[in-house]
Amino acid sequence: MTTCLIRNANVFAPEALGRRDLVVGGGKLLWIGEDASKAGIGLPETDVIELQGRRLLPGFIDGHAHLTGGGGEAGAHTRVPPVPLSRFTLAGVTSVVGVLGTDDTTRSPRDLVATVNGLRNEGLNAWAHTGGYHLPVATLTGSVRDDIAFIDAFIGVGELAICDHRSSQPTLDELLRVASDAHVGGLLTGKAGILHLHLGDGPRGLSLVREALAISELPARVFNPTHINRRKGLFEEALALAHQGCWVDITAFPVDEGEDAWTADEALLRYLDSGAPAGRVTISSDGGGCLPHFDAEGRVARMDVGSPSSLAETLRALLLRGQPMERVLPAFTSNAADLLRLRDKGRVAVGAAADYTILDEEHRVSDVMLGGRWHVRAGEAKIRGMFEESR
Ligand code: ZN
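Residues numbered from 1 in each chain as written. Predicted model: local features only at pLDDT ≥ 70, side-chain atom pairs only at ≥ 80, totals over all residues. Heavy atoms only, no water.

**Regarding the overall build of the protein chain**
Then, number 1: If you tally the helices and strands in the protein chain, you get ten helices and 19 strands.
Then, number 2: The globule rule puts the C-alpha radius of gyration for 391 residues at 21 Å, and the 20 Å found for the protein chain is close to it.
Then, number 3: Structurally, the protein chain occupies a C-alpha span of about 65 × 40 × 40 Å along its principal axes.
Then, number 4: Expressed as a percentage of the 391 residues in the protein chain, the buried residues total 59%.
Then, number 5: Residue pairs at least 24 apart in sequence account for 71% of intrachain contacts in the protein chain once pairs closer than 6 positions are excluded.
Then, number 6: Where the 39 positive side-chain charges of the protein chain centre and where its 50 negative ones centre are 3 Å apart. (Helix = DSSP H or I, 4+ residues; strand = E, 2+ residues; numbered from the N terminus. Rg over C-alpha atoms; globule rule 2.2 N^0.38 Å. Buried < 20%, exposed > 50% of the residue type's maximum accessible area, 1.4 Å probe, protein only. Contact = heavy atoms within 4.5 Å. Lys, Arg positive; Asp, Glu negative; His and termini not counted. Charge placed at Lys NZ, Arg CZ, Asp CG, Glu CD.)

**A closer look at the pattern of salt bridges**
Then, number 1: Within this structure, the stated rule accounts for 20 salt bridges.
Then, number 2: Across the pair Arg 7 and Asp 21 runs a salt bridge, and its minimum N-O distance is 3.5 Å. In this pair, Arg 7 is assigned in strand E1 (residues 3-12) and Asp 21 in strand E2 (residues 16-25), connecting sequence segments 14 residues apart.
Then, number 3: Taking relative accessible area as the criterion, Arg 7 reaches 21% and is therefore assigned partly exposed.
Then, number 4: A relative accessible area of 2% means that Asp 21 is categorised as buried.
Then, number 5: What you see here is one network of salt bridges that share partners, running through Asp 265, Glu 266, Arg 270 and Arg 321. (Salt bridge = Lys/Arg side-chain N within 4 Å of Asp/Glu carboxyl O.)

**Some words on the coordination of the zinc ion**
Then, number 1: Protein coordination of the zinc ion is provided by Glu 159 (OE), His 198 (ND1) and His 227 (NE2), with donor distances spanning 1.9 to 2.2 Å.
Then, number 2: Positions of the donor residues of the zinc ion, expressed as sequence spacing, correspond to E-x38-H-x28-H. With Glu 159 in strand E9 (residues 154-162) and His 227 in the loop between strand E11 (223-226) and helix H6 (232-244), this pair connects stretches of sequence that are 68 residues apart. Pair check on accessibility: Glu 159 and His 227 agree, each one buried. (Donors = N, O, S within 2.8 Å, 3.2 Å for Na, K, Ca; no water.)

**A few points about the nonpolar core**
Then, number 1: If you look at the biggest cluster of nonpolar residues, it comprises 84 residues, and the most contacted ones within it are Phe 60, Leu 195, Phe 223, Leu 268, Leu 315 and Phe 332.
Then, number 2: Both domains that meet at this core, namely domain 1 (3-57 + 346-381) and domain 2 (59-340), each give it at least three residues.
Then, number 3: If sequence neighbours within four positions are ignored, Phe 223 has contacts with Leu 175, Leu 176, Ala 179, Leu 195, Leu 197, Val 209, Ala 212, Leu 213, Leu 218, Cys 246 and Trp 247.
Then, number 4: Ranked by size, the runner-up nonpolar core spans 17 residues in total, among them Ala 13, Val 24, Ile 49 and Val 348. (Core = buried A, V, L, I, M, F, W, Y, C linked by side-chain atoms within 4.5 Å. Domains from an automatic or database assignment.)

**Digging into the domain arrangement of the protein chain**
Then, number 1: By the assigned domains, the protein chain splits into domain 1 (3-57 + 346-381) and domain 2 (59-340).
Then, number 2: Placing a centre on the C-alpha atoms of domain 1 and another on those of domain 2 gives a separation of 29 Å.
Then, number 3: Domain 1 puts 24 residues into the contact, and the matching count from domain 2 is 28 residues.
Then, number 4: Of the roughly 1900 Å² buried at the junction of domain 1 and domain 2 (both faces included), carbon and sulfur atoms supply 67%.
Then, number 5: For the domain 1 face of the interface with domain 2, the top three residues by lost area are Pro 14, His 363 and Leu 370, together amounting to 27%.
Then, number 6: Remark: the boundary between domain 1 and domain 2 carries one salt bridge. (Buried area = accessible area lost by both parts, 1.4 Å probe.)

**As for the packing of aromatic side chains**
Then, number 1: Under the definition given, this model contains one aromatic pair.
Then, number 2: In this structure, Lys 232 is placed above the aromatic ring of Trp 262, and the distance from its NZ or CZ to the ring centre is 4.3 Å.
Then, number 3: The ring centre of Trp 374 lies 4.9 Å from the NZ or CZ of Arg 377, which sits over that ring. (Phe/Tyr/Trp six-rings, centres within 6.5 Å; stacked < 30°, edge-to-face > 60°. Lys NZ or Arg CZ within 6 Å of the ring centre and 35° of its normal.)

Structure (structure tokens):
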């Protein structure tokens, strides 16, 4: 077993641990302490990496990315291609959850599972939600519960769309049925068992979720709204739901000057300052998804593509604003691990996966270890996906 000794890391676990040495082997953290040489840690065939006090973080968990590529909302030529491995690793993302979006018609859960398996073969930690925007839910086995119970890749359902002109206009009963299938699938397997909800710009906002919580026995954690920062009023509704027990997800999309939306860094600070539970907020990239801007007729006026790098850019923006790392980092790491029940991810801990993102002095991702292997060194991808151009 080749082991790796990482010396003099300034570790955020996500809590601040200070200067530590770490010994990694078999894809996991074997030992962490102040000084490996004093502790008499002597291992054969050990690679030694000296970090000189650079910051070592748990790898980011991106709970919402369009692995197969999203889009297609302005015709078939606008279907976004799949996101290759190094787009994640170069951005410090070591775990990802894939979703189908608007297009659960020409794209399918089969394609999504195959894409997850491909990324896993290349070393990334990857899962997915079954379904897409619409009802009836696009599944692989014919049932949400069976998909979660029998398909290893599937951990929940979504992104089911509400308050959006692209949604199936689900009723309360329909929403509850899908949520209960996700919840029971989670119970049977120990997986997340969540209903990940795409929120649109519609004025109904989160009213359907409030009604669901009021009349059903389902735990609040099952309802997991995303894109909560796309409208300022919607964001306030999401804060109230977090107090009721929902995990809420901020999307790191670009926000135009004067737009009725919060950037991800601003939204996270507003969330934390509001006194909402600090453990129930996550940030995801919407990577590989298209970011269409619609006109009043529902036509696409302009199209952007989301990138996994928006997570690292958001963390950097927060650090440049003077935020303490330990305050903001859980939203990128441990909070998502808790919601998604990824038990050995999202933290720097003995026995947990050795998935680490290392930042340089400018708060940029410099090195990434994934399952004990260096995927990125000094900002360069050392491991690339099968059909990525090698530079
Ligand atoms: Zn969405």
